[in-house]
Amino acid sequence: MAEFSSNGPASRMSLGRALSQPSLNLIETNDVSPTGVQLHPRRRRKLSSCSSVENEPVASPFADESRVLVINTGGTIGMTLHDNVLAPKANALVRSLRKLPILHDELYAQQTSMYEYYGSENSLVLPKPTPHSGLQYHSLNKLNKRIIYTILEYSPLLDSSNMTTDDWGRLGKDIEKNYENYDGFVILHGTDTMAYTASALSFMCENLGKPIVLTGSQVPIYELRNDGRDNLLGALLIAGQFVIPEVCLYFFNKLYRGNRVTKVDAGSFNAFSSPNLAPLATAEVDISINWDTVWRANTTAKFQVSTELNRNVGLLRLFPGITSSTVRAFLQPPMQGVVLETYGSGNAPDNRPDLLAELKKATDAGVIIVNCTQCLRGTVSASYATGMVLMDAGLLAGGDMTPEAALSKLSYVLAKKELSLDAKKKMMAENLRGEMSANLDGAKLCLSDSRFIQVIAKSLSISCKEELEAIRNALTPPLACAAAKIGDIEALDALREMGSNLCLGDFDGRTPLHIAACEGHFKLVQYLLSHGASVHAKDRYGDTPLCNAVRFRHKDVVKLLRRTGAHFSREQMEEAGTELCSLAASGDIDGLEIWILAGADLTTLGYDGKTAVQVAEAAGRKEVVAFLVQLIGNKSMTVFGEFNEYDEYDDDENGESIEFSAIPTEI
Ligand SMILES: NC(=O)C[C@H](N)C(=O)O
């Protein structure tokens, strides 16, 4: 995927034109499958090496395609009228999407034998924008990938009012299971509780590196006038084209951070609001991503989903005259966490000792109570005496969190059995996934304030803000790459402090992480990962930082990237088979070691159908055979097992690396 990392502030595409111009670029075909279907040449090559093409979903191996998994949980988008009320209709969505040219290009599917490769049941493909469609808005980033999407429909489909924490768990598990096979995820969901699910998933998904976009509609997609088609199309384009590593919600031309939204309108297409955070993207004539707002992980840990949630949580809204017995009843065991929706900037009556005593009794007994405002916009603060009394009663300030976010955060944090009560409280006060705003003292220095950029802009006689931004966006990625090349963390730090995004790719989609991985700058790789760099970024040749680190044999960098969730794509895995064989033939144990550390599977066959062990045997490379057999024999390595099981072998329980032990020369 050449432009997978095309994530600059400048990344935009013309949605209007994307909608109206399905591609007619036909792909030349020159062979037929056993079933008589013409095969795209590249797909033909892949097919010949795939044993079970129908059943195995894989991330698209082609640089100009990306894969999105759409999980359909229900909601109005797929409802029809029964007895005059709307209810979900099972097994209808795929059939109907197949007939919509803006959401499916049957010609492409047939001509590239996509169905043979990905399965014909639930796979669809978006039309490709033509070069004339205006999608290639910026010379640095051509956003013109084919988005192939597969629909996984839940049974039963639910009106979102029927969803429970178990359904959140199921979503989390399905995403975890399919994480490596797709570039992004779309969740079709009813609007009524979408903000709750989006908030919950944002916490459950730890160290997320790929986009998860929830969407739905106010009018069923089967109706003549509906918002479902636009919402689905926009969500697919975003999930398939951009590495926005967040749980988001896309609705009515806007992409929001999932834990910042709330449903505000039951009768409008514009149903959601993100009162305290500007949208992450707007899809007007252009899709314009606000990269400065996109949340970046700051760990080097792998993606995982925490499906444990505590159900003993609740929302309590203050109202004038609320009785202390109501509050007492609400706070009774087994209640463990409560979001108290207070007035204004976090206020409650300070002339109600009865009420305050109930709250204090509960916090003393270990119930975590978070103070969130009833107002749509704004934050809680202790600026009033009526707010201060709640602090004194032991409540935690919820900042500008939505009640939905605060509730699901409580549910997530309280489920962490290994943490003490104090640690849980501390976690509640931390900004875990961008759900609350930090207290910014002083404005952030922005690169457009930088004298360097201003001098260039001036000498080019640029005056308008957009042009200045375009220059900034064109200049900073190569600057960051240059700093990465020489391992200059200070320079990267300076660029970052000036407001530039260290995840952006250069003309070839090469990010600073790619460069640092090539050079083997371990510390710099660590630095970039802890400042949001994506291990999934692909340059225009489809290479990830992991591929680069392997090629230049930087073992420690390979290990670090793997720990952070980097993995080979299916195609790279297949190519690894041939690479392992040639390394085995030439007796290059060092090379074999690095490929295996990177996740290559010893059972993968080379181009001529042999394993690396067989090749080593045939070439009389006894030491290589011994080395490989030792690996295969080592139980913990599970080399014949799944990729995920196998990747454990390079780390022991403490996260320390296990070195290869002495290699016997005889077997
Ligand atoms: N627009 C919608 O999707 C509302 C529907 N009742 C739901 O939440 O499932």
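By convention here, each chain's residues receive numbers from 1 onward along its written sequence. Given that the model is predicted, a residue must reach a pLDDT of at least 70 before its local features are reported, and side-chain atom pairs must reach 80 or more before they are shown or counted; all residues, however, enter totals for whole chains, interfaces and linings. Water and hydrogen atoms were dropped before computing side-chain values, which therefore reflect all heavy atoms in the structure.

Identification of the chain as asparaginase from Kryptolebias marmoratus is taken from an unreviewed UniProt entry. UniProt positions are given in the numbering used here, feature names are shortened, and annotations may be inferred rather than shown by experiment. The annotation that UniProt attaches to the chain under Sequence similarities (unreviewed entry) is "In the N-terminal section; belongs to the asparaginase 1 family."

Trainee: Explain the layout of surface pockets to me, please; I cannot follow it from the model alone.
Mentor: The gaps left among the atoms become clear once a water-sized probe is rolled over them. Here a cavity means grid points, on a 1 Å grid over the protein atoms only, where a 1.4 Å probe fits yet cannot get out; a pocket means an open set of points with protein on both sides within 12 Å along at least five of seven lines; lining residues are those with an atom within 4 Å of a point. Grid points are joined across faces, edges and corners, and a volume is the space filled by probe spheres set on the points. The volume enclosed by the second largest pocket comes to roughly 1,300 Å³. Taken together, 42 residues make up the lining of the second largest pocket; nearest its centre are Asp-292, Thr-293, Val-294, Trp-295 and Arg-296. Taken together, the elements giving at least two residues each to the lining of the second largest pocket come down to β9 (205-206) and α16 (489-497). Residues are grouped as follows: Ala, Val, Leu, Ile, Met, Phe, Trp, Tyr, Cys and Pro are nonpolar; Asp, Glu, Lys and Arg are charged; all remaining types, including Gly, are polar. Residue composition of the lining of the second largest pocket, grouped by class: 15 nonpolar, 16 polar and 11 charged. A domain-level breakdown of the lining of the second largest pocket finds at least three residues from each of domain 1 (15-22 + 59-104 + 123-302) and domain 3 (447-563). Helix and strand labels come from DSSP, where a helix needs a run of H or I of at least four residues and a strand needs a run of E of at least two; each type is numbered from the N terminus. The split into domains, and so the bounds of each, comes from an automatic or database assignment of domains.

Trainee: Would you take a moment to explain empty space enclosed by the protein for this structure?
Mentor: In this structure the tally under the stated criterion is 7 cavities of 30 Å³ or more. Considered as a void within the structure, the largest cavity measures approximately 190 Å³ in volume. Along the lines of polarity and charge, the residues of the lining of the largest cavity split into 9 nonpolar, 8 polar and 2 charged. Of the residues that make up the lining of the largest cavity, three or more belong to each of domain 1 (15-22 + 59-104 + 123-302) and domain 3 (447-563).

Trainee: Explanation requested: the sheet that holds strand β8 (residues 184-188) in the structure shown.
Mentor: Across a sheet, paired strands are connected by hydrogen bonds in the backbone, their directions being either parallel or antiparallel. Taking strand neighbours across the sheet as the criterion, the 9 strands line up as β6-β7-β3-β8-β10-β11-β12-β15-β16 in an open arrangement whose pairing is mixed. Of all strands in the sheet, those with a lone pairing partner are β6 (123-125) and β16 (287-289), marking the two edges. Across the sheet, the axes of successive neighbouring strands diverge by a mean angle of 25°, strand direction being ignored. Two strands pair if DSSP finds at least two bridges between them. For strand β3 (residues 65-74) and strand β7 (residues 146-158), the ladder comprises 9 bridges, and the chain directions are parallel. For Ile-71, the partnering residue across the bridge sits in β7 and is Leu-152. Here the axes come from fitting lines to C-alpha atoms, over the contacting stretch only for helices, and the angles between their N-to-C directions go from 0 to 180 degrees.

Trainee: What is the right way to read unusual backbone geometry from this model?
Mentor: In most cases, non-glycine residues show a negative phi, while peptide bonds are predominantly trans. Cis rather than trans, the peptide bond between Ser-155 and Pro-156 has omega equal to 0°. Along the polypeptide, Pro-156 turns up in strand β7. Following Pro-333, the chain continues into Pro-334 via a peptide bond in cis, with omega recorded as 10°. With phi around 45°, Asp-83 is a residue other than glycine that occupies positive phi space. Accessibility here uses a 1.4 Å probe with only protein chains present; expressed as a share of the type maximum, an area under 20% marks a residue as buried, one over 50% as exposed, and anything in between as partly exposed. Note on Asp-83: relative accessible area 78%, which makes it exposed. For Asn-84, which is not a glycine, the phi torsion comes out positive at approximately 70°. Mapping Asn-84 onto the fold places it in the loop between β4 (79-82) and β5 (85-88). Judged by relative accessible area, which is 69%, Asn-84 ranks as exposed.

Trainee: Please explain the sheet that holds strand β21 (residues 396-397) as it appears in this structure.
Mentor: Taking strand neighbours across the sheet as the criterion, the 4 strands line up as β18-β19-β20-β21 in an open arrangement whose pairing is parallel. Edge positions in the open sheet fall to β18 (313-317) and β21, since each of these has one partner strand only. Where strand β19 (residues 337-342) and strand β20 (residues 368-373) come together, 6 bridges link them in parallel fashion. Looking at β20, one finds that Gly-337 is bridged to Ile-368.

Trainee: Sorry if this is basic, but what is going on with the UniProt feature "domain: Asparaginase/glutaminase C-terminal" (unreviewed entry) in the chain here?
Mentor: When the UniProt feature table is mapped to this numbering, "domain: Asparaginase/glutaminase C-terminal" (unreviewed entry) covers residues 312-428. Taken as a whole, residues 312-428 contains 41% helix and 16% strand, while its terminal C-alpha atoms sit 16 Å from one another.

Trainee: Teacher, can you tell me more about the UniProt feature "binding site: substrate" (unreviewed entry) in the chain here?
Mentor: Annotation from UniProt places "binding site: substrate" (unreviewed entry) at Ser-160, Thr-191 and Asp-192. Of the residues just listed, which span 33 residues, no C-alpha pair is farther apart than 6.9 Å, and they cluster in one region. With respect to the element layout, Ser-160 can be found in the loop between β7 and α6 (165-178). Leaving out residues up to four positions away in the same chain, Ser-160 has contacts with His-189, Gly-190, Thr-191, Asp-192 and Thr-193. Among the structural elements, Asp-192 can be located in the loop between β8 and α7 (194-204). The class for Asp-192 is partly exposed, based on a relative accessible area of 41%. Here, residues are in contact when the closest pair of their heavy atoms is within 4.5 Å.

Trainee: Help me understand the side chain of Lys-210, please; the structure alone is not making it clear to me.
Mentor: Inspection of the secondary structure puts Lys-210 in the loop between β9 and β10 (212-215). Within the buried set, Lys-210 has no salt-bridge partner at all; the shortest N-O distance to an opposite charge, 5.3 Å, is to Asp-183. Separated by 2.8 Å, the side chain of Lys-210 and the backbone oxygen of Tyr-179 make a polar contact. For this analysis, a polar contact is any N or O atom pair within 3.5 Å, provided that within protein one partner can donate a hydrogen and the other can accept it, and provided that sequence-adjacent residues contribute only side-chain to side-chain pairs. A polar side-chain atom of Lys-210 sits 2.8 Å from the main-chain carbonyl oxygen of Tyr-182. In contact with Lys-210, not counting residues within four places along its chain, are Tyr-179, Glu-180, Tyr-182, Asp-183, Ile-244, Pro-245, Glu-246, His-536 and His-567. In this count, Lys and Arg are taken as positive residues and Asp and Glu as negative ones, while His and the chain termini are left out. Salt bridge criterion: a side-chain nitrogen from Lys or Arg within 4 Å of a carboxyl oxygen from Asp or Glu.

Trainee: Could you clarify how one ought to interpret the site of the ligand in this entry?
Mentor: One heavy atom suffices: a residue is near a molecule or strand as soon as one of its heavy atoms comes within 4 Å of it. In the vicinity of the ligand, the residues found are Gly-75, Thr-76, Met-79, Asp-159, Ser-160, Gly-190, Thr-191, Asp-192, Ser-217 and Gln-218. Gln-218 has a polar side-chain atom sitting 3.1 Å from a nitrogen atom of the ligand. Computed by Shrake-Rupley with a 1.4 Å probe, the accessible areas treat only the displayed protein chains as cover when residues are assessed. Relative to its free-state accessible area of 270 Å², the ligand is covered by the protein chains to the extent of 91%. Split into classes, the residues belonging to the shell around the ligand amount to 1 nonpolar, 7 polar and 2 charged.

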